[in-house]
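Observations on the three-dimensional arrangement
The primary structure of each chain is shown beneath.
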Amino acid sequence: MKSGSFFFFVAFLAIGFLTVSVTPNAAKKDKVKSGSCPLDNVRCFKEDPARCRNDVQCPQEQKCCYFHCGFKCVNPRETGDTAVSKSGTCPTVLGRCAMENPPNACENDGQCKGPLKCCTGMCGKICMAPEAASKPGKCPTVRGRCMMENPPNACENDGQCKGSLKCCTGMCGKTCMAPEAVSKPGKCPTVLGRCMMENPPNACENDGQCKGPLKCCTGMCGKICMAPKD
């Protein structure tokens, strides 16, 4: 065999070896380990440098999660815990990529930073901001402001706040707050019975949290939005 032909033969074998070696590693990079990221209720004023970028970079069963102000390897939530579900609705995605079974960047909301949710995107699940939602009621007036320049926001819209809370401008960035008390015209209907539950939960606290002409009235089992008397 001539030396030139031998050189091309060796080069062909080397390229084939690299292709076989790299492909599994690339697939492994996108692997998401089982389990859910732990709950993270810490509000951060400064983000820490990322210590990991995906689950594969974490030892054993640990996952790469946004936890306590930065991405780091942490133990997943205990087996049997339900996946973290944040408030808000995932945005509607109109298109899809042509890839079959695209890799997911997340599996549940707990793996997403701050108020972001794990939603189906154009090419697999990714962390996305929930749809903007406007709840009834008016944000309370805040008299003061903190000295921090461009303070971080704990929310961006009402859809990221639990229950009847609204995303309002507070003293130091946007935060979830109860709307101002509003009194609508009309009287609450008389309720003759009461449930047996002690201290039942309220679905509202004032009329401003009820849609349209509805008022926040005492029902059979806590306060709820009801149509006023004629």
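Refer to the structure printed above.
Quick word on the overall build of the chain
Along its length, the chain carries 1 helix and 8 strands. Listed by position from the N terminus, the elements making up the chain come as α-β-β-β-β-β-β-β-β. Once local pairs closer than 6 in sequence are excluded, the contacts in the chain between residues at least 24 apart make up 56%.

Overview of the packing of aromatic side chains
Throughout the structure, instances matching the rule amount to 1 aromatic pair. Pairing Tyr 66 with Phe 71 gives two aromatic rings, centres 5.2 Å apart and planes at 75°, and the pair type is edge-to-face. Look at Phe 71 and you get partly exposed, because its relative accessible area is 28%.

Considering the pattern of salt bridges
Counted according to the given criterion, the structure contains 5 salt bridges. Between Lys 166 and Asp 158 there is a salt bridge; the shortest N-O distance is 2.8 Å. Note that Lys 215 is salt-bridged to Asp 207, the shortest N-O span being 2.7 Å. Accessibility assignment for this pair places Lys 215 and Asp 207 in one class, buried.

Some thoughts on the side chain of Asp 109
Locating Asp 109 in the fold gives a position in the loop between strand E2 (71–74) and strand E3 (117–121). What Asp 109 contacts, discounting residues up to four positions off in sequence, is Val 84, Ser 85, Lys 86, Leu 116, Lys 117 and Cys 118.

Description of unusual backbone geometry
Excluding glycine, a negative phi dihedral is what most residues carry, and trans is how most peptide bonds are arranged. Although it is not a glycine, Gln 60 adopts a positive phi angle of roughly 50°. Among the structural elements, Gln 60 can be located in the loop between helix H1 (3–29) and strand E1 (63–66). A positive phi is found at Asn 199, a non-glycine position, where the angle reads about 50°. Positionally, Asn 199 belongs in the loop between strand E6 (173–177) and strand E7 (215–219).

Things to note about the state of the cysteines
Defined simply, a disulfide is a covalent bond joining two cysteines at their sulfur atoms. Scanning the entire structure with this criterion turns up 15 disulfides. In this model Cys 37 forms its disulfide with Cys 65; the gap between the sulfur atoms is 2.0 Å. Between Cys 37 and Cys 65, the disulfide has an S-S torsion of -80° and is therefore left-handed. Of this pair, Cys 37 sits in the loop between H1 and E1 while Cys 65 is found in strand E1, placing the two residues 28 residues apart along the sequence. Judged by its relative accessible area of 0%, Cys 65 is buried. The residue that forms a disulfide with Cys 155 is Cys 167, at a sulfur-sulfur distance of 2.1 Å. An S-S torsion of about 95° defines the bridge between Cys 155 and Cys 167 as right-handed. In this pair, Cys 155 sits in the loop between strand E4 (124–128) and strand E5 (166–170) while Cys 167 sits in strand E5, placing the two residues 12 residues apart along the sequence. For the pair Cys 155 and Cys 167, a shared accessibility class is recorded, and that class is buried.

Focus on the environment of Gln 62
When you line up the elements, Gln 62 lands in the loop between H1 and E1. Separated by 28 residues in sequence, Gln 62 and Ser 34 place their C-alpha atoms 9.4 Å apart. In contact with Gln 62, not counting residues within four places along its chain, are Lys 33, Asp 55, Cys 73, Val 74, Asn 75 and Pro 76.

Here's the deal with the environment of Cys 155
A relative accessible area of 0% places Cys 155 in the buried class. Through-space distance from the C-alpha of Cys 155 to that of Gly 114 is 8.4 Å; in sequence the pair is 41 residues apart. When sequence neighbours within four positions are dropped, the list of residues in contact with Cys 155 reads Gln 160, Cys 161, Cys 167, Lys 174, Thr 175 and Cys 176.

Conventions used here
Residues numbered from 1 in each chain as written. Predicted model: local features only at pLDDT ≥ 70, side-chain atom pairs only at ≥ 80, totals over all residues. Heavy atoms only, no water. Helix = DSSP H or I, 4+ residues; strand = E, 2+ residues; numbered from the N terminus. Contact = heavy atoms within 4.5 Å. Phe/Tyr/Trp six-rings, centres within 6.5 Å; stacked < 30°, edge-to-face > 60°. Buried < 20%, exposed > 50% of the residue type's maximum accessible area, 1.4 Å probe, protein only. Salt bridge = Lys/Arg side-chain N within 4 Å of Asp/Glu carboxyl O. Disulfide = S-S within 2.5 Å.

Such coordinate-based values are descriptive only and should not be taken to indicate function.
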